[in-house]
Amino acid sequence: MADAVLECSGLHKVYGDLVAVDDVGFSIAAGETYGLLGPNGAGKTTTISMIAGLLDNDGGTAVVSGNVITTKSTAAKAAIGLVPQDLAIYPDLTARENLQFFGKLYGIKGTLNERVDEILDIIELSDRADDLTKEYSGGMKRRLNIGIGLIHKPDLLILDEPTVGVDPQSRNAILENVERLGAEGMAVLYTTHYMEEAERLCDRVGIIDEGSIIAEGTRRDLVAMVGERDRLHLELSGDASVVEGSVSAIDGVDSCSAAGSALEVVAVSASRALPEVILAVNDAGLDVHSVQITEPDLESVFLHLTGKALRE
Amino acid sequence: MKTLTIAASSLRRLFRERSNIFFIFVLPIVLILVLGLVFGSGFTSRVALIAPDNDELAGDITVSISTSTAFETIPADDVEDARARLRRNEIDAVIVIPDDYGESLLAGDNAEIAYYSTPSSGGFVVRSVVEAAIAEQAAVIRAGRFAADATDADPATALDTAQLVQGSIAAIGVETEGGVSGGSGNQFDLGAAQQLLLFMFLTALTSSTALIQSRRLGVSHRMLSTPTSAGAIVGGETLGRFLIVMLQGVFIVVAAGVLFDVEWGDPVAATLVVMTFALTGTGAGMLLGSLFSSEQQAGGFAIFGALMLAALGGSMVPLEIFPDTMVTVAHFTPHAWGNDAFATLIRHGGGVTDIATELAVLTAYGLALIALSSVVFRRRLTH
């Protein structure tokens, strides 16, 4: 990719006997939003920790704006804005003070106060800028968490599950901000296990599972991998895992995954498979409370590729 | 520059919490005031003195002890009654001069003066006065005995001659040390030094919780994602804690000087003691903050550890009343070295060279702890 802001290849990280990240590679161009989609524990956070220079890798390279990133490479770090999953802000400082603090660490000097005001506007916290952040709601803290990552106008913004635990209104505000940043030319690496967010925001998606990227491409590319499949979401009266095996064995069912009382099924034809699925559920002594049939999406792709649901 | 930014944020966060202002600035001064009033010159030790009548030597030592301004002497007749009063804390010490005191000494035998006290700060002062009086009289008696042996003179005559000679030479001054009363300094001096060291170390250790909070919230890790080296982060956190402890130390020194006329001795030397002790406390606090993972655990350990070390190091009761073994043990704590240094400055008017050993030990403690904590904290950041 000619104008890639981030290029990483062969990233590898091992903890003892556990291979946390194995041969991960992808690139992100300016103005592109790349989604790293995978369930909890898939290796997303370890991957971005290496890209952000927080962890030394055991193999591979990551280059940001032409600078190879390591834990000691200050030039590469200056080009990255990290928004960690944790609310990494001081609760006993105000939003303005938090922004000023990190702005100074990013080396902003003369224009710091103006830049802080700009960010406060962007994250819509200007009217609460001088309140201690411990008095903020969860959504306000999330917005500040993102604002800190933007304070130095980075080339690459890394957002690690930025909407976890956020109310719908704040979540929407965050997603709108990310869309706007991408449109303004910033490269964005966005990790999530919310398929809807990846579908809405990301130009390209890498699906990561057990430390490896198992598929990559645009939403259209990935959905095409599933083919003309339907996805069925059933809510049952009890533990859905008891019917997982019998449903998987039904002719025309590609994959089946249970999570609590929910059953996710990918089938060649929903109308053909559904009666048999309901029969299998009833045979297991359970009732079907609701059925939802959808077009193939990234959730279907993940289910198709791994046999697991994203939220497992 | 980034080191200063991180250090400044530590200070700002500390003073955001109003209760910290009370514990760091107000409480130490209140305690210095209270302890000074309770154990200072406002409080005069009371000593029961039991001595035989018609014994010239006993009379001499009684006069010598009674004229001390360090305590009030109360005549008593019954030893058991006096000891009972001592147990009830009505008096601070009992001195018993035996009935055959003068007779034994003139016969060339030993005589024992019984001394009973409670482990109070007044007790050791009384004891030091008694020991000084005995030493003064013993010198005369030894001279008399020597004269009697050398000239075959009558022991009583030789003793009279020795006493006459003693009167013509410079008298041995009996100076009460310890600041409890009389002597050099005022009633707040040593108590202020002890509280200064106790609170500086307590603040240093409890400030470790803020370091743990930064780590737990992910702020320390986030700092590492900026173009800031791990060394600058460790340096900033260390400097911040050092400044907090120094600020408290300087405040206590100045406030105690202004409010209670505490004489800290040579200002340069006193500043160096505060600085080296702050360095030690900072290292200990950083180590605690790097080793523990929860603020609650570290906070509990910090308070317990700071009070234990203070007690062991002579910041609760003076090192002078410690048994010899405990004095040795006490010097494994930085407090003991700090207290020794202040004792030299306050009581003896010492200077930097007089406390060079104490300063060297405190500096070594500080540098070793900071080096160790830097390694541990850096590992916590980057692994």
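Because the structure is predicted, anything quoted here is derived from the model rather than measured.

With that settled, the discussion passes to the overall build of chain A. What chain A contains, in helices and strands, is 11 helices and 14 strands. Its C-alpha atoms give chain A a radius of gyration of 22 Å, near enough to 20 Å, the size a compact globule of 312 residues would have. The dimensions of chain A, computed from C-alpha atoms along their principal axes, are 70 × 40 × 35 Å. When the 312 residues of chain A are sorted by exposure, 55% land in the buried category. Within chain A, contacts between residues separated by at least 24 positions form 69% of all contacts whose residues are at least 6 apart in sequence.

Right, let's get into the domain arrangement of chain A. If you check the domain split of chain A, you get domain 1 (4-223) and domain 2 (228-295). Taken over C-alpha atoms, the centre of domain 1 of chain A sits 36 Å from the centre of domain 2 of chain A.

Another point: the packing of aromatic side chains. Within this structure, the stated rule accounts for 9 aromatic pairs over all chains. Each ring, one from F15 of chain B and one from F25 of chain B, has its centre 5.9 Å from the other, and the planes form 15°; the classification is stacked. Residue F15 of chain B is located in helix α1 (residues 2-16), and its partner F25 of chain B is located in helix α2 (residues 18-39); the two are separated by 10 residues in the primary sequence. Looking at F25 of chain B, the relative accessible area reads 15%, which means it is buried. Centre to centre, the rings of W264 of chain B and F342 of chain B are 5.4 Å apart; their planes meet at 65°, and the pair counts as edge-to-face. Placement of W264 of chain B in the loop between α11 (230-260) and α12 (267-291) and of F342 of chain B in helix α15 (residues 334-348) is noted, with a sequence separation of 78 residues between them. With respect to class, W264 of chain B is no different from F342 of chain B; both count as buried. Positioned over the ring face of Y194 of chain A is R171 of chain A, at 4.5 Å from the centre of the ring. Positioned above the aromatic ring of F102 of chain A is the side chain of R222 of chain B, whose terminal nitrogen or guanidinium carbon lies 5.5 Å from the ring centre.

Below, the discussion takes up the environment of M186 of chain A. All names here are of chain A. Turning to its location among the elements, M186 is positioned in the loop between α6 (168-183) and β8 (187-192). On the basis of relative accessibility, which here comes to 13%, the residue M186 falls in the buried class. In this structure, M186 is in contact with G31, E32, L150, P154, D155, L157 and L181, ignoring residues within four places of it in sequence.

Taken together, the contacts link 30 residues of chain A with 23 residues of chain B. If you sort the residues of chain A by the area they bury against chain B, L54, Y90 and L105 of chain A come out on top, with a joint share of 28%. The interface formed by chain A and chain B holds 3 salt bridges in total. R12 of chain B is the salt-bridge partner of E97 of chain A, the closest N and O atoms lying 3.9 Å from each other. For the interface between chain A and chain B, the tally reads 9 residue pairs in polar contact (both at pLDDT 80 or more). Breaking the side of chain A that touches chain B down by element, the ones donating at least two residues are α2 (74-78), β6 (80-83), α3 (95-105) and α5 (138-150) of chain A. Looking at the side of chain A that touches chain B element by element, the count peaks at 5 residues for α3 of chain A. Of the residues that constitute the side of chain A that touches chain B, the class distribution is 19 nonpolar, 5 polar and 6 charged.

Counting residues in each nonpolar core, the largest one holds 91 residues, and the members touching the most others are F26, I51, L156, I158 and L189 of chain A together with M223 of chain B. If we ignore the near neighbours within four places in the chain, the residues touching M223 of chain B are Y90, F101, F102 and L105 of chain A together with I6, T228, I233 and E237 of chain B. Counting residues in each nonpolar core, the second largest holds 47 residues, with A255, L279, L288 and W337 of chain B among its members.

Domains assigned within chain B are domain 1 (2-39 + 186-382) and domain 2 (45-168). One C-alpha centre belongs to domain 1 of chain B, the other to domain 2 of chain B; they are set 44 Å apart.

As a further point, take the side chain of T192 of chain A. Positionally, T192 of chain A belongs in strand β8. Residue contacts for T192 of chain A: discarding those within four places in its chain leaves L36, L37, G38, K44, E161, E197 and A198 of chain A.

This paragraph deals with helix α1 (residues 44-51) of chain A. Residues and elements named next belong to chain A. Buried residues dominate α1, accounting for 7 of its 8 residues. K44, T46, T47, I48, S49, M50 and I51 are the residues of α1 that are buried. Just beyond α1, the residue with positive phi is G53, at close to 80°.

Here we take up the side chain of D92 of chain A. Inspection of the secondary structure puts D92 of chain A in the loop between β6 and α3. For D92 of chain A, a relative accessible area of 14% gives the class buried. One polar contact links D92 of chain A to R13 of chain B, side chain to side chain, over a distance of 3.0 Å. When near neighbours in sequence (up to four residues on either side) are disregarded, D92 of chain A contacts L132 of chain A together with R13, R16 and Q213 of chain B.

About the criteria used
- The written sequence of each chain sets the order in which its residues are numbered from 1.
- To label them, take the chains in the order written and letter them from A, then take the ligands in the order written and number them from 1.
- Given that this is a predicted model, residues contribute local features only at a pLDDT of at least 70 and side-chain atom pairs are listed and counted only at 80 or more, while totals for whole chains, interfaces and linings are drawn from all residues.
- To obtain the side-chain values, all non-hydrogen atoms of the structure were included, while hydrogens and water were left out.
- Runs of E in the DSSP output that reach at least two residues are strands. Runs of H or I that reach at least four are helices, and both are numbered from the N terminus.
- Note that the radius of gyration is over C-alpha atoms, with the globule rule given as 2.2 Å times the number of residues to the power 0.38.
- Throughout this description, buried means an accessible area under 20% of the type-specific maximum (1.4 Å probe, protein chains only), exposed means over 50%, and partly exposed covers the range between.
- Note on contacts: a residue pair is in contact if any heavy atoms of the two residues lie within 4.5 Å.
- Domain boundaries shown here were taken from an automatic or database domain assignment.
- Only Phe, Tyr and Trp rings take part, Trp by its six-membered ring, and two of them pair if their centres are within 6.5 Å. Stacked means planes under 30 degrees apart, edge-to-face means over 60, and tilted covers everything else.
- Charge over a ring is defined by NZ of Lys or CZ of Arg lying within 6 Å of the ring centre and within 35 degrees of the ring normal.
- The term buried area means the drop in 1.4 Å probe accessible area that two parts suffer when joined, counted for both and summed.
- Think of a salt bridge as a Lys or Arg side-chain nitrogen and an Asp or Glu carboxyl oxygen that are within 4 Å of each other.
- Polar contact is the term for a pair of N or O atoms within 3.5 Å; when the atoms are in protein, one must be able to donate a hydrogen and the other to accept it, and sequence-neighboring residues count only if both atoms are side-chain atoms.
- Residues are grouped as follows: Ala, Val, Leu, Ile, Met, Phe, Trp, Tyr, Cys and Pro are nonpolar; Asp, Glu, Lys and Arg are charged; every other residue, Gly included, is polar.
- Only buried Ala, Val, Leu, Ile, Met, Phe, Trp, Tyr and Cys residues count toward a nonpolar core, and they belong to the same one when joined by side-chain atoms within 4.5 Å.

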